[in-house]
Amino acid sequence: MRSDKPRDPVAGPDAGPEPPYPVRLSGPVIKGFGRGSKDLGIPTANIPADDLSEKHPELTTGVYYGVVALDPKTYQHETSEGSTSTAVVLPAVLSIGYNPFYKNTVRSVEIHIMPALTEPSPTAAGQEGQTKFNRLPDFYKTKLNLLILGYIRPEFDYVSLEALVEDIRVDCEVARESLLREAYKCYLVDSGKMSGKVSEDREWLLSFD
Ligand SMILES: Cc1cc2nc3c(=O)[nH]c(=O)nc-3n(C[C@H](O)[C@H](O)[C@H](O)COP(=O)(O)O)c2cc1C
Ligand SMILES: Nc1ncnc2c1ncn2[C@@H]1O[C@H](COP(=O)(O)OP(=O)(O)O)[C@@H](O)[C@H]1O
Ligand SMILES: [Mg+2]
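None of these values were measured; they are calculated from a predicted model.

**Student:** Explain the site of ligand 2 to me, please; I cannot follow it from the model alone.
**Tutor:** The full set close to ligand 2 counts 21 residues, and Gly32, Gly34, Ser37, Phe139 and Tyr140 are the nearest of them. For ligand 2, an oxygen atom lies 2.8 Å from a polar atom in the backbone of Phe139. Within the contact set of ligand 2, an oxygen atom lies 2.7 Å away from a side-chain nitrogen or oxygen of Tyr140. Relative to its unbound accessible surface of 570 Å², ligand 2 loses 97% to contact with the protein. At the level of elements, helix 1 (35-40), strand 2 (45-47) and strand 7 (108-113) are the ones that each hand at least two residues to the shell around ligand 2. Class assignment for the residues of the shell around ligand 2 results in nine nonpolar, eight polar and four charged.

**Student:** Would you mind showing me how to read the pattern of salt bridges here?
**Tutor:** When the charged atoms of two side chains with opposite charge come close together, those side chains can pair. Applying the stated rule across the entire model yields twelve salt bridges. Among the ionic pairs, Asp171 bridges to Arg7, the shortest N-O distance being 2.6 Å. Of the two residues, Asp171 is situated in helix 3 (residues 161-179) and Arg7 in the segment before strand 1 (23-28); the sequence distance between them amounts to 164 residues. Where Arg24 meets Asp201, a salt bridge forms, and the shortest distance between an N and an O atom there is 2.9 Å. Pair noted here: Arg24 is in strand 1 and Asp201 is in helix 5 (residues 196-205), with a separation of 177 residues, a long-range link. Judged by relative accessible area, which is 32%, Arg24 ranks as partly exposed. Beyond isolated ion pairs, a larger network of salt bridges with shared partners links Arg7, Arg153, Asp167 and Asp171.

**Student:** Honestly, the pairing of strand 8 (residues 143-153) in this entry has me stumped. Any pointers?
**Tutor:** Residues in a regular strand point their side chains to alternate faces of the sheet. Most of strand 8 is tucked away, with nine of its eleven residues classed as buried. As paired strands, strand 1 and strand 8 are joined by six bridges and run antiparallel to one another. Looking at strand 8, one finds that Gly27 is bridged to Leu144. Here strand 3 (residues 62-70) runs beside strand 8; their pairing, made up of eight bridges, is antiparallel. Across the sheet, residue Val68 finds its bridge partner in strand 8, namely Leu146.

Rules and cut-offs
- Residues numbered from 1 in each chain as written.
- Chains lettered and ligands numbered in written order.
- Predicted model: local features only at pLDDT ≥ 70, side-chain atom pairs only at ≥ 80, totals over all residues.
- Heavy atoms only, no water.
- Near = heavy atom within 4 Å.
- Polar contact = N/O pair within 3.5 Å; in protein donor to acceptor, adjacent residues only side chain to side chain.
- Areas by Shrake-Rupley, 256 points an atom, 1.4 Å probe, with all protein chains shown as cover.
- Helix = DSSP H or I, 4+ residues; strand = E, 2+ residues; numbered from the N terminus.
- Nonpolar A, V, L, I, M, F, W, Y, C, P; charged D, E, K, R; others polar.
- Salt bridge = Lys/Arg side-chain N within 4 Å of Asp/Glu carboxyl O.
- Buried < 20%, exposed > 50% of the residue type's maximum accessible area, 1.4 Å probe, protein only.
- Pairing = 2+ DSSP bridges.

Written out as structure tokens, the structure is:
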């Protein structure tokens, strides 16, 4: 169970991702248990977790942050200038594990895509009423590429659904603050002066065959 201790506002070193990060994962978006939107009001794009233990033994169960891109052949992202047919990199927060609150018996990888960091955060503290998490038009079956850039916390069980939702709200804020640091922002925005390794990772992220 989660303790009442206040949470750190950022996770991972300021200097940028340290090994094993960035970790590359990709797969088609599949159906989950249908609880994300319905029970929690937090949609999560699930990708297959079948070969995770074999391919990524370093990924322990827990909550992570990173960046994602969706295949523009099947998903056109809406921007302020209209819809775009090139892939867009967006910030994300994800859980890898058994969702102890729901006692799942199989491991899942569930990604919540957040709005661009240039937009106001819908999950910032102190907003009136119930938190409204980011919601995009559905993109089941679309190929999703994900670069995991850091670890936030282990998975917990909770006394209530509200407590789980509040912790995920804070995860979104921790992910956002973590990604706003220069050494992480470069994965989201091409500033023209990124290192060769970052540029290689971004190229992978944006490649869909
Ligand atoms: C950032 C994030 C953190 C999460 N943390 C936990 C957690 O600590 N414990 C837990 O039981 N589930 C956690 N979840 C998983 C939610 O319970 C899960 O997204 C929900 O059950 C929806 O599942 P579905 O996609 O199968 O419908 C987390 C999900 C996200 C996106
Ligand atoms: N911000 C978002 N992040 C992730 N998925 C989203 C988002 N907005 C809409 N979706 C859509 O919602 C679906 C996930 O909803 P969810 O209730 O978790 O269902 P499931 O249990 O099938 O994963 C995703 O597969 C995607 O098509
Ligand atoms: Mg889901």
